[in-house]
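# Breakdown of the fold
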Amino acid sequence: MSKKNRRYGRSEREQSTRAQAGSEHPAEEALESGRAPVPERPTPKKFNAPLWAGLVVVIAVVAVLGLNMFGSKDHLTVDSLNKPAVAALDGGSKVYPANSTLAFTENTKFGYLPAPTLSQLGDGTVVAADPKSAPKEMELKGDLSDLDRKSFLDQTIKPPRKNTAFGDPITWDQIVDEMGGATVLMPLIESPKVADPVLKKIAEADSADSTIVRTSNAKVAKAASDAEVAVMFTGDYSSTSPADLKKSGYSMVSVAPDAVSTWAESDLKVWATGVKDEKQLKKLTDAGIFGALSTNPYTIQPSDVKSN
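### Some details on the overall build of the protein chain
Scanning the protein chain from terminus to terminus reveals 13 helices and nine strands. The 308 residues of the protein chain split such that 39% are buried. Restricting the contact set of the protein chain to residue pairs at least 6 apart, pairs at least 24 apart contribute 54%.

Here is the structure:
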């Protein structure tokens, strides 16, 4: 017996018989050739290119739909605002505790733009609080500079109406983190020292296109404009001109209703202050205003959102 046959433990006759059983070739041919017949190759499967291309398209469509359904929340920008936009000064200080978490949350919920007054605490924290009125509203013994972040957040803010809830203070960082992108924020900044951390936070949150800085300070206006943030002039508009304001970096101006017709002819976006009611707002909108600022936005533009 050869080494090959010994290895497999089969005689040539057994190999021939097994080859005959598993192949269409007769056993005699296997013996004559001296080796087992080669099995027939299976027919290669065809590659269906159109089918695979279709599957790729379907997967791509599903991916796009998934991104649209489960992707990031809508990002509201200044350019996407519908006229007339209505901003709630200090969160609507005639309705809610001024510059409170409650006020800004309700502003965002009902479609009004939160317009906080920003100031700085003793430890450098930027907060939503008017340095003139906040000490009284919080019943402080001193002023805001006596507080740090923790002691500030431990305070409460008195409501403007009887039998309504007190409010909780909020920092600028919290406002941006919780509401940035869902609305357009309109902070009032009168100090370059306050502007620096405010603009830094805006840049970090990539919210430049969702912010309008209100100020009468030329240095603040320039810093905001350089950061590509829209800037509204809130100073004495009777002593300046649209051309001068544009040179200073302003793209918007806040004026009284009786000055709207004059300023509406300029390239600046005009915001009206002191609007009485919804009827006057409509007239001013027809006259060319971009928006309005109010301590009670509900009186000039009732919300379409219904509360529970």
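### Side note on the environment of I212
Along the chain, the position of I212 falls in strand β5 (residues 212-215). Once the C-alpha coordinates of I212 and L185 are considered, the two residues, 27 residues apart in sequence, prove to be 6.3 Å apart. What I212 contacts, discounting residues up to four positions off in sequence, is V78, V184, L185, M186, P187, A230, M232, M252 and W271.

### Looking at empty space enclosed by the protein
Applying the stated criterion across every chain yields a total of one cavity of 30 Å³ or more. Estimates place the volume of the largest cavity at around 40 Å³. In terms of lining residues, the largest cavity is bounded by A98, N99, A128, A129, D130, A134, E137, M138 and I157. A breakdown of the residues in the lining of the largest cavity according to their chemical character gives six nonpolar, one polar and two charged.

### Describing the pattern of salt bridges
Applying the stated rule across the entire model yields five salt bridges. Between D226 and K222 there is a salt bridge, with its nearest N and O atoms 2.8 Å apart. Taken together, the residues span about one helical turn, with D226 and K222 both in helix α10 (residues 218-226) at a distance of four residues. Note that K246 and D267 form a salt bridge whose closest N and O atoms lie 3.8 Å from each other. Of this pair, K246 sits in helix α11 (residues 242-247) while D267 sits in the loop between α12 (260-263) and β8 (269-273), and the two are 21 residues apart along the sequence. A residue is classified by how much of its surface remains accessible, and K246, at 46% relative accessible area, is partly exposed.

### Observations concerning the sheet that holds strand β7 (residues 252-255)
Whether parallel or antiparallel, the strands of a sheet pair through hydrogen bonds between backbone atoms. Strands sit in the order β2-β1-β9-β8-β7-β6-β5 across an open sheet of seven strands; the sheet is parallel. At either margin of the open sheet sits one strand with a lone partner, and together these are β2 (113-115) and β5. Shown here is a sheet whose adjacent strand axes are inclined to one another by a mean of 30°, direction ignored. Along the sheet face, α10 touches β5 and β6 (230-233) and points at about 170° away from the line of β5.

### So, the pairing of strand β9 (residues 291-294)
Burial along β9 is two-sided: G291 and L293 facing one way and A292 and S294 facing the other are all buried. Here strand β1 (residues 85-89) pairs with β9 via four bridges, running parallel. Note on β9: the bridge partner recorded for V86 is A292. Where β8 and β9 come together, three bridges link them in parallel fashion. By the bridge assignment for β9, A272 is matched with A292. On the question of chirality, the crossover connecting β8 to the parallel β9 by way of helix α13 (residues 278-287) is right-handed.

### Quick notes on the nonpolar core
In this structure, L118, W172, I175, I189, V198, V253 and W263 are the most contacted members of the largest nonpolar core, which totals 46 residues. It is helix α9 (residues 192-204) that contributes the most residues to this core, five residues altogether. If sequence neighbours within four positions are ignored, W172 has contacts with P116, L118, V126, V127, L185, P187, V198, K201 and I202. V78, I212, A230 and F290 belong to the second-largest nonpolar core, a separate cluster that totals 15 residues.

### Let's talk about the confidence of the model for the protein chain
For the protein chain, mean pLDDT is 84; residues scoring 70 or higher make up 75% of the total. Throughout residues 1-36 the model reports pLDDT below 50, and contacts reaching past four residues in sequence, or to other chains, amount to 18 contacts. Below a pLDDT of 50 lies the segment residues 60-73, which in the model reaches four contacts outside its immediate sequence neighbourhood of four places, other chains included.

### Observations concerning α9
Relative to the 18 Å expected for 13 residues at 1.5 Å per residue, α9 spans 18 Å between its end C-alpha atoms, a close match to the ideal helical length. Of all the positions in α9, only V194, A195, V198, L199, K201 and I202 are classed as buried. Buried residues along α9 cover an arc of 160° about the axis, so they all sit on one side. Relative to its buried face, α9 has exposed residues pointing more than 90 degrees away, namely K193, D196, K200, A203 and E204. Buried residues belonging to α9 abut β3 (118-120), β4 (126-128), α8 (172-179), β5 and α10. The backbone nitrogen of K193 lies 3.2 Å from a side-chain oxygen of the residue at the head of α9, namely S191. Phi turns positive, to about 55°, at D206, one or two residues after α9.

Cut-off values and rules
- Residues numbered from 1 in each chain as written.
- Predicted model: local features only at pLDDT ≥ 70, side-chain atom pairs only at ≥ 80, totals over all residues.
- Heavy atoms only, no water.
- Helix = DSSP H or I, 4+ residues; strand = E, 2+ residues; numbered from the N terminus.
- Buried < 20%, exposed > 50% of the residue type's maximum accessible area, 1.4 Å probe, protein only.
- Contact = heavy atoms within 4.5 Å.
- 1 Å grid on protein atoms, 1.4 Å probe; cavity = no way out; pocket = protein on both sides within 12 Å on 5 of 7 lines; lining within 4 Å.
- Points joined across faces, edges and corners; volume = space filled by probe spheres on them.
- Nonpolar A, V, L, I, M, F, W, Y, C, P; charged D, E, K, R; others polar.
- Salt bridge = Lys/Arg side-chain N within 4 Å of Asp/Glu carboxyl O.
- Pairing = 2+ DSSP bridges.
- Axes fitted to C-alpha atoms, helices over the stretch in contact; angles between N-to-C directions.
- Right-handed = clockwise from strand over helix to strand, strands pointing away.
- Core = buried A, V, L, I, M, F, W, Y, C linked by side-chain atoms within 4.5 Å.
- pLDDT = per-residue confidence, 0-100.
- Expected span 1.5 Å × (residues − 1).
- Arc of directions from axis to C-beta.
- Polar contact = N/O pair within 3.5 Å; in protein donor to acceptor, adjacent residues only side chain to side chain.

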